[in-house]
Amino acid sequence: MKLLAGKTVLVTGASTGIGRAAAVGVAQAGADVVINYHSRDDDAAACVAEIEAAGQRGLAVKGDVAAPETATEFVTKAVEAFGKVDVMVSNAGICPFHSFLDMPVETVQRTMQVNLLGGYFMCQAAANQMVKQGHGGALIAVSSISALVGGEYQTHYTPTKAGLHSLMQSTAIALGKHKIRCNSVLPGTILTEINKEDLADVEKRKYMEARIPLGRLGQAEDLAGPIVFLASDMAAYVTGAALLVDGGAFVNLQ
Ligand SMILES: NC(=O)C1=CN([C@@H]2O[C@H](COP(=O)(O)OP(=O)(O)OC[C@H]3O[C@@H](n4cnc5c(N)ncnc54)[C@H](O)[C@@H]3O)[C@@H](O)[C@H]2O)C=CC1
Ligand SMILES: C[C@H](O)[C@@H]1OC(=O)[C@H](O)[C@@H]1O
């Protein structure tokens, strides 16, 4: 039997990158999947096609996670389509690299709204549905190695990732009595659209690669296995945990 057979998994920001790899990964593990996406209809449709190719049901719901009502609408549509919500993967995020001293107010506010508040409201909406259902569930936040270490051009971003990590710790306590497990994954540097421009700097890319004991930058698919694990009953006694998925970058001081 597949690890996620019979489960309904929701993934935000799933038309590209880690979210898409997570959506396809959980489908391959037997889950039906509802994805949230922000703007790219074709990419969202392609993700649903991949979910269906894995033999599962898929649905795409458009919405900006920064708006609290997007979360309730996403959960409502998932329940209408597939009857329940077992797992929420809160993944949507932005990282507009910028220096600290002249950081535009709007960039700070938008990054906080999308990454942290978006994650908060998505997890809250999913948890309310899980409590109503009465048979537990799992919240998984896509935080970052940046929850633990800083970045010169990420002063607006790293606090959102630390915030998500902290949110999973607090919700693990708040929701344990409802058998809802709450964990985060902390990806290292993963090659996706979010950092395409930043890593186009050849010197920077070489520096980042050299920091990684496993010898390569990550691929979005590297997150699929850890997310499937945390979503599954194999992780039945895992809550409040943060799983680094970084090729060993964090522990590599010198
Ligand atoms: N790529 C990396 O090195 C790392 C990425 N992460 C996190 O992984 C998550 C996914 O990012 P990636 O796959 O790397 O990049 P990506 O750019 O491919 O994915 C981000 C997704 O979020 C969606 N999104 C952005 N704003 C949104 C909004 N307001 N409403 C709904 N969806 C929205 C985008 O459309 C996109 O599909 C982000 O939260 C990011 O912070 C964490 C650590 C490392
Ligand atoms: C977008 C960055 O390349 C990426 O985002 C993170 O959270 C990682 O720490 C990297 O800095």
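Residues numbered from 1 in each chain as written. Chains lettered and ligands numbered in written order. Predicted model: local features only at pLDDT ≥ 70, side-chain atom pairs only at ≥ 80, totals over all residues. Heavy atoms only, no water.

- The name an unreviewed UniProt entry gives the chain is SDR family NAD(P)-dependent oxidoreductase, with Sphingomonas agrestis as the organism.
- Recorded in UniProt under Sequence similarities (unreviewed entry), the annotation for the chain is "Belongs to the short-chain dehydrogenases/reductases (SDR) family." (UniProt positions renumbered as here; feature names shortened; annotations may be inferred.)

1. Quick look at the pairing of strand β2 (residues 32-37)
Part 1: With 6 of 6 residues buried, β2 is to be regarded as a mostly interior element.
Part 2: Burial along β2 is two-sided: the face carrying Asp32, Val34 and Asn36 and the face carrying Val33, Ile35 and Tyr37 are both buried.
Part 3: With 4 bridges connecting them, strand β1 (residues 8-11) and β2 associate as parallel partners. For Val11, the partnering residue across the bridge sits in β2 and is Ile35.
Part 4: Remark: the β1/helix α1 (residues 17-28)/β2 crossover connection has right-handed handedness. (Buried < 20%, exposed > 50% of the residue type's maximum accessible area, 1.4 Å probe, protein only. Helix = DSSP H or I, 4+ residues; strand = E, 2+ residues; numbered from the N terminus. Pairing = 2+ DSSP bridges. Right-handed = clockwise from strand over helix to strand, strands pointing away.)

2. Regarding the side chain of Asn195
Part 1: Summarising the element assignment, Asn195 is placed in the loop between β6 (180-187) and α6 (202-210).
Part 2: Judged by relative accessible area, Asn195 falls into the buried class, the value being 9%.
Part 3: A polar side-chain atom of Asn195 sits 3.3 Å from the main-chain amide nitrogen of Thr192. (Polar contact = N/O pair within 3.5 Å; in protein donor to acceptor, adjacent residues only side chain to side chain.)

3. Brief notes about the environment of Ile94
Part 1: Of note, Ile94 is situated in the loop between β4 (87-90) and α4 (105-133).
Part 2: What makes Ile94 partly exposed here is its relative accessible area of 29%.
Part 3: When the C-alpha atoms of Ile94 and Asn115 are compared, they prove to be 6.8 Å apart, with 21 residues separating the residues in sequence.
Part 4: Ignoring sequence-local partners within four residues, the contact set of Ile94 consists of Arg110, Thr111, Val114, Asn115, Tyr157 and Ile194. (Contact = heavy atoms within 4.5 Å.)

4. Notes on the pairing of β4
Part 1: On β4, burial covers both faces: Val87 and Val89 on one face and Met88 and Ser90 on the other are all buried.
Part 2: Sheet analysis places β4 next to strand β5 (residues 137-142), joined by 4 bridges and oriented parallel. In the strand pairing of β5, Val87 is matched with Ala138.
Part 3: What joins β4 to β5 is α4, and the crossover it makes is right-handed.

5. Re the pattern of salt bridges
Part 1: Inspection of the entire model under this criterion finds 12 salt bridges.
Part 2: Here Glu193 makes a salt bridge to Arg40, at a shortest N to O gap of 2.9 Å. Of this pair, Glu193 sits in the loop between β6 and α6 while Arg40 is found in the loop between β2 and α2 (41-53), placing the two residues 153 residues apart along the sequence.
Part 3: Judged by relative accessible area, Arg40 falls into the partly exposed class, the value being 37%.
Part 4: For the salt bridge of Asp64 with Arg110, the shortest nitrogen-to-oxygen distance reads 3.1 Å. Residue Asp64 is found in the loop between β3 (58-62) and α3 (68-82), and its partner Arg110 is found in helix α4; the two are separated by 46 residues along the sequence.
Part 5: You can call Asp64 partly exposed: its relative accessible area is 25%.
Part 6: Through salt bridges with shared partners, a single ionic network connects Arg40, Asp43 and Glu193. (Salt bridge = Lys/Arg side-chain N within 4 Å of Asp/Glu carboxyl O.)

6. Focus: the site of ligand 1
Part 1: Surrounding ligand 1, one finds 28 residues, the nearest of these being Thr16, Asp64, Asn91, Tyr157 and Thr192.
Part 2: In the model, a nitrogen atom of ligand 1 is placed 3.3 Å from a nitrogen or oxygen of the Arg110 side chain.
Part 3: In isolation ligand 1 exposes 810 Å². Once the protein is present, 92% of that is buried.
Part 4: At the level of secondary structure, the elements contributing two or more residues to the shell around ligand 1 comprise α1 and α4.
Part 5: When grouped by side-chain class, the residues that make up the shell around ligand 1 number 10 nonpolar, 15 polar and 3 charged. (Near = heavy atom within 4 Å. Areas by Shrake-Rupley, 256 points an atom, 1.4 Å probe, with all protein chains shown as cover. Nonpolar A, V, L, I, M, F, W, Y, C, P; charged D, E, K, R; others polar.)

7. A word on the packing of α1 against helix α7 (residues 224-231)
Packed helix pairs are characterised by how far apart their axes lie and by the angle those axes make with each other.
Part 1: At their nearest, the axes of α1 and α7 sit 9 Å apart, and the two run at 55 degrees to each other. Here α1 is positioned oblique relative to α7, judged by the angle of their axes. Two packed elements cross with a definite hand, and for α1 against α7 that hand is right-handed. Contacts from Ala21, Ala22, Gly25 and Val26 in α1 reach Ala224, Ile227 and Val228 in α7.
Part 2: In terms of residue class, the contact of α1 with α7 is built from 6 nonpolar, 1 polar and no charged. (Axes fitted to C-alpha atoms, helices over the stretch in contact; angles between N-to-C directions. Parallel < 35°, antiparallel > 145°, perpendicular 65-115°, else oblique. Left-handed = near helix turned anticlockwise from the far one by under 90°.)

8. Comments concerning unusual backbone geometry
Part 1: In this structure, Lys179 takes a positive phi of about 60 degrees despite not being glycine.
Part 2: Within the secondary structure, Lys179 sits in the loop between α5 (158-175) and β6.
Part 3: Taking relative accessible area as the criterion, Lys179 reaches 63% and is therefore assigned exposed.

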